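If you want the building blocks of each chain, they are given just below.
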Amino acid sequence: MTQNKPKLLIIEDDVGLQKQLRWSLDAYEVVVAGDRESALALLRRHEPAVVTMDLGLPPDPDGATEGLATLQGILALAPDTKVIVLTGNQDHANAVKAIGMGAYDFHQKPCDQEVLNLVVQRAFFLHALQQENRRMLQSQADSPMSGVISRDPGMLKVCRNIEKVAPTSASVMLLGESGTGKEVLARALHQLSPRAGQRFMAINCAAIPENLLESELFGYEKGAFTGAAKQTKGKVELAHGGTFFLDEVGDLPMALQAKLLRFLQERVVERIGGHEEIPVDVRVICATHRNLKELAQSGRFREDLYYRLSEIVVTIPPLHARNGDAALLAHHFKNKFCAQESRPSLHFSPEALAAIEGYGWPGNVRELENCIKRAVIMADGATIQAEDLGIDVEAEEQPINLRQIRDEAEYKALVKALARADGNIVKASEALGISRPTMYDLMARHAIKVNNA
């Protein structure tokens, strides 16, 4: 019975090696091909997670052109397939070339059966993990918070705050630099709220000329001004029952600030040229990259409007302050744009990852997304190099050494505890939650001395 066994495709033109591989890899449902055409046909039919292949295939059994062409065809049809290249000693350069094209690994001939079994088992395990991750991402795709990708504690706290605030009717102010994802969070607030079934209306105060902004917000009556050929509702009125999102509210002109304040207090709007007060029920969310408190103190933003808008304030950290998120998002955008641009799977070189982690990202997530899209388009081969990113950064790859990180943290904690305890070893050890002998050992290890030690 083979129906429960994982499928493994072996591409090998030597009949003797076919039998040997089939025998040694009997834990799998093995299908065998001896040339490119049959290999691609079996790939389409069985969709194996893992493929082992010889580069020397007919009509070029002594070269690698046909094998490399077969590899390219496999990855074009099924980019997630793990291809293990079996190579002779003279084929080492071609094996490296195959890895550059996207092969998972290469294994030297003659085959060590135990090692090959281990490599194949690992390839199946990795493929299963990636598929499970993909299923998890798909299952979360409809989640209101699915647009937020982060492992940073500060950003995760922001997400928890959004989830807490969403069911309420409080006005929310989202503060953060341009490109940090304020509109993504505003939409998540709407989707998590009882108003999710109604409209989400957004307007960017900085993108609309001042003389048009009032009519966009509050609408106008027919004949209110030249060109007003019919009655038109404003965005606030159109959002009735739902959520109204004011982006870049810090750029709202002073004259309109007074009108917006009246709406927030009375919950009625009056169209330009009209005399009727229209009641509107909306949840208001605003966002800005500017410091509204400072603007209010300097008289450039109404203080009473500021307090109306900022019932709940959520501050979004910039990308450079989100530990590890730049690399995490880079992988996400790479996978997204590889699929969008129909490119085989790519990976980042160590230098590219070091550049991503070392760059300041003044444009935050939006800049990173544009950068990775460019890199996916411009990359040669299966690897994104640092120069493909198009960012100007002088950053060397920093080794992730756990012992070094631990020692540095330990040293800082010891110095801080001793400083707070004014050099008292007993108090410092109590503050750190360790015994006095352990304290002395750590001080000796880090060469820390105090006057009254």
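Position labels on residues start from 1 in each chain and follow its written sequence. Thresholds applied to this predicted model are a pLDDT of at least 70 for local features of residues and 80 or more for the giving and counting of side-chain atom pairs; totals over whole chains, interfaces and linings are not thresholded and use all residues. Values reported for side chains reflect all heavy atoms of the structure, with hydrogen atoms and water molecules removed beforehand.

Chemist: I keep staring at the overall build of the chain and nothing clicks. Help me out?
Modeler: Each helix and strand counted, the chain has 19 helices and 16 strands in total. Rg of the C-alpha trace for the chain: 31 Å, well past the compact-globule value of 22 Å for 453 residues, more than 25% over. Over its C-alpha atoms, taken along the principal directions, the chain stretches across nearly 90 × 80 × 45 Å. We call a residue buried when its accessible area falls under 20% of the maximum for its residue type, exposed when it is over 50%, and partly exposed in between, using a 1.4 Å probe and counting protein chains only. Residues counted as buried form 43% of the 453 residues belonging to the chain. Note on definitions: a residue-residue contact is assigned when non-hydrogen atoms from the two residues lie within 4.5 Å. Relative to all contacts within the chain whose residues are 6 or more apart in sequence, the contacts with residues 24 or more apart total 67%. A run of H or I in DSSP counts as a helix once it spans at least four residues, and a run of E counts as a strand once it spans at least two, with each numbered from the N terminus. Computation of the radius of gyration draws on C-alpha atoms, with the globule rule given as 2.2 Å multiplied by the number of residues to the power 0.38.

Chemist: How do you make sense of the packing of helix H13 (residues 325-340) against helix H15 (residues 364-378) when you look at a structure like this?
Modeler: Helices that pack against each other are described as a pair by the angle of their axes relative to one another and the distance between those axes. Between N-to-C directions, angles span 0 to 180 degrees; the directions come from axes that are lines fitted to C-alpha atoms, helices contributing only their stretch in contact. Running from N to C, H13 and H15 cross one another at 45°; their axes reach a closest spacing of 9 Å. Judged by the angle between their axes, H13 and H15 are oblique. Here the hand of the crossing between H13 and H15 comes out right-handed. Together, Ala-326, Leu-329, Ala-330, Phe-333, Lys-334, Lys-336, Phe-337, Cys-338 and Gln-340 of H13 and Val-365, Leu-368, Glu-369, Ile-372, Lys-373 and Val-376 of H15 make up the contact between the two elements. Partitioned by chemical class, the residues of the contact of H13 with H15 number ten nonpolar, one polar and four charged. The cut-offs work like this: below 35 degrees is roughly parallel, past 145 is roughly antiparallel, 65 to 115 is roughly perpendicular, and the gaps in between are oblique. Two helices crossing with the near one rotated counterclockwise from the far one by less than a right angle form a left-handed crossing, whereas a clockwise rotation gives a right-handed crossing. When residue character is reported, Ala, Val, Leu, Ile, Met, Phe, Trp, Tyr, Cys and Pro are called nonpolar, Asp, Glu, Lys and Arg charged, and the others, Gly included, polar.

Chemist: Please clarify how unusual backbone geometry should be interpreted in this entry.
Modeler: Note: most peptide bonds trans; most residues except glycine with negative phi. The omega torsion of the bond from Pro-58 to Pro-59 falls at 10°, within 30 degrees of zero and hence cis. In this fold, Pro-59 is placed in the loop between strand S3 (50-54) and helix H3 (65-77). The backbone of Arg-267 sits at a positive phi, close to 60°, despite the residue not being glycine. Its identity is not glycine, yet Trp-361 carries a phi of approximately 50°, on the positive side. Within the secondary structure layout, Trp-361 lies in the loop between helix H14 (350-358) and H15. Judged by relative accessible area, which is 1%, Trp-361 ranks as buried.

Chemist: Even after reading the chapter, I still don't get the packing of aromatic side chains, so can you show me in this structure?
Modeler: Working definition: an aromatic ring pair is given by the centre-to-centre distance plus the angle between the planes. Only centres within 6.5 Å qualify two rings of Phe, Tyr or Trp (six-membered ring in Trp) as a pair; their planes then separate them into stacked at under 30 degrees, edge-to-face at over 60, and tilted for everything else. All chains considered together, the criterion is met by six aromatic pairs. Each ring, one from Tyr-28 and one from Phe-124, has its centre 4.7 Å from the other, and the planes form 10°; the classification is stacked. In this pair, Tyr-28 is assigned in the loop between helix H1 (15-24) and strand S2 (29-33) and Phe-124 in helix H5 (residues 113-139), connecting sequence segments 96 residues apart. For the pair shown, Tyr-28 and Phe-124 are each scored as buried.

Chemist: It is not clear to me how the pattern of salt bridges should be interpreted in this structure. Could you clarify?
Modeler: Close approach of charged atoms lets side chains of opposite charge pair. Note on definitions: salt bridges are taken to be side-chain nitrogens of Lys or Arg within 4 Å of carboxyl oxygens of Asp or Glu. Counted according to the given criterion, the structure contains 16 salt bridges. The partner of Arg-290 in a salt bridge is Asp-251, and the shortest N-O contact between them spans 3.1 Å. Linking Arg-290 in the loop between strand S13 (283-288) and helix H11 (292-297) with Asp-251 in the loop between strand S10 (243-247) and helix H10 (254-266), this pair joins segments that are 39 residues apart in sequence. Given the relative accessible area of 28%, Arg-290 is considered partly exposed. A relative accessible area of 30% means that Asp-251 is categorised as partly exposed. Asp-325 serves as the salt-bridge partner of Arg-322, at 2.9 Å between the closest nitrogen and oxygen. Like Asp-325, Arg-322 is buried. The structure contains a network of salt bridges with shared partners spanning Glu-12, Asp-54 and Lys-109.

Chemist: Looking at this structure, how should I read the environment of Ala-255?
Modeler: When you line up the elements, Ala-255 lands in helix H10. Residue classification places Ala-255 among the exposed positions, given a relative accessible area of 63%.

Chemist: Help me out: how do you make sense of a negative patch on the surface in this one?
Modeler: Patch definition: residues with relative accessible area over 30% and no salt bridge; like charges joined within 9 Å; nonpolar side chains (Val, Leu, Ile, Met, Phe, Trp, Tyr) joined within 5 Å. What sets the accessible areas is the Shrake-Rupley method with a 1.4 Å probe; for residues, cover comes only from the shown protein chains. Under the counting rule used here, the positive set is Lys and Arg, the negative set is Asp and Glu, and His together with the chain ends is not counted. By convention, charge coordinates are those of NZ in Lys, CZ in Arg, CG in Asp, or CD in Glu. Together, Asp-13, Asp-14, Asp-35 and Glu-37 give the surface a local cluster of negative charge. With respect to the helices and strands, Glu-37 occurs in helix H2 (residues 36-46). Looking at Glu-37, the relative accessible area reads 69%, which means it is exposed.

Chemist: Please clarify how the nonpolar core should be interpreted in this entry.
Modeler: Proteins that are soluble and globular tend to have nonpolar side chains buried together. By convention a nonpolar core is built from buried Ala, Val, Leu, Ile, Met, Phe, Trp, Tyr and Cys residues, the set being connected through side-chain atoms within 4.5 Å. Among the nonpolar cores identified, the biggest contains 30 residues, and Leu-217, Val-236, Phe-244, Leu-246, Phe-263, Phe-301 and Leu-309 are the most heavily contacted of them. Going through the elements one at a time, strand S7 (200-204), helix H8 (210-218), S10, H10, S13, H11 and helix H12 (303-309) are the ones with two or more residues in this core. The next biggest cluster of nonpolar side chains, apart from the first, holds 24 residues, and it includes Ala-326, Phe-333, Phe-348 and Leu-368.

Chemist: Sorry, what's going on with the sheet that holds strand S6 (residues 172-175) here?
Modeler: Each strand in a sheet pairs with its neighbour through backbone hydrogen bonds, running either in the same direction (parallel) or in the opposite one (antiparallel). Across the sheet, five strands lie side by side as S7-S10-S13-S6-S14; this open sheet has parallel pairing. Each edge of the open sheet carries a strand with a single partner, namely S7 and strand S14 (312-315). Strand-to-strand twist of the sheet, defined as the mean angle between neighbouring strand axes without regard to direction, takes the value 15°. Across five bridges, S7 lies against S10 in parallel orientation. When the bridges of S10 are listed, Asn-204 appears paired with Asp-247. With respect to the sheet, helix H6 (residues 153-165) is in contact with S6, S13 and S14, its orientation differing from that of S14 by roughly 155°. For two strands to be treated as a pair, DSSP must find no fewer than two bridges joining them.

Chemist: What is the right way to read the sheet that holds S3 from this model?
Modeler: Across the sheet, which stays open at both edges, the five strands sit in the order S2-S1-S3-S4-S5 with parallel pairing between neighbours. Each end of this open sheet is capped by a strand with a single partner; those strands are S2 and strand S5 (105-108). This sheet shows a mean twist of 20° between the axes of neighbouring strands, independent of strand direction. Summarising the sheet, strand S1 (residues 7-11) and S2 pair through five bridges and their orientation is parallel. Considered in S2, the bridge of Lys-7 is made with Glu-29. Here H3 sits on the sheet in contact with S1, S3 and strand S4 (82-87), set at roughly 165° to S3. Contacts from helix H4 (residues 92-101) reach S4 and S5, with the element oriented near 160° to S5.

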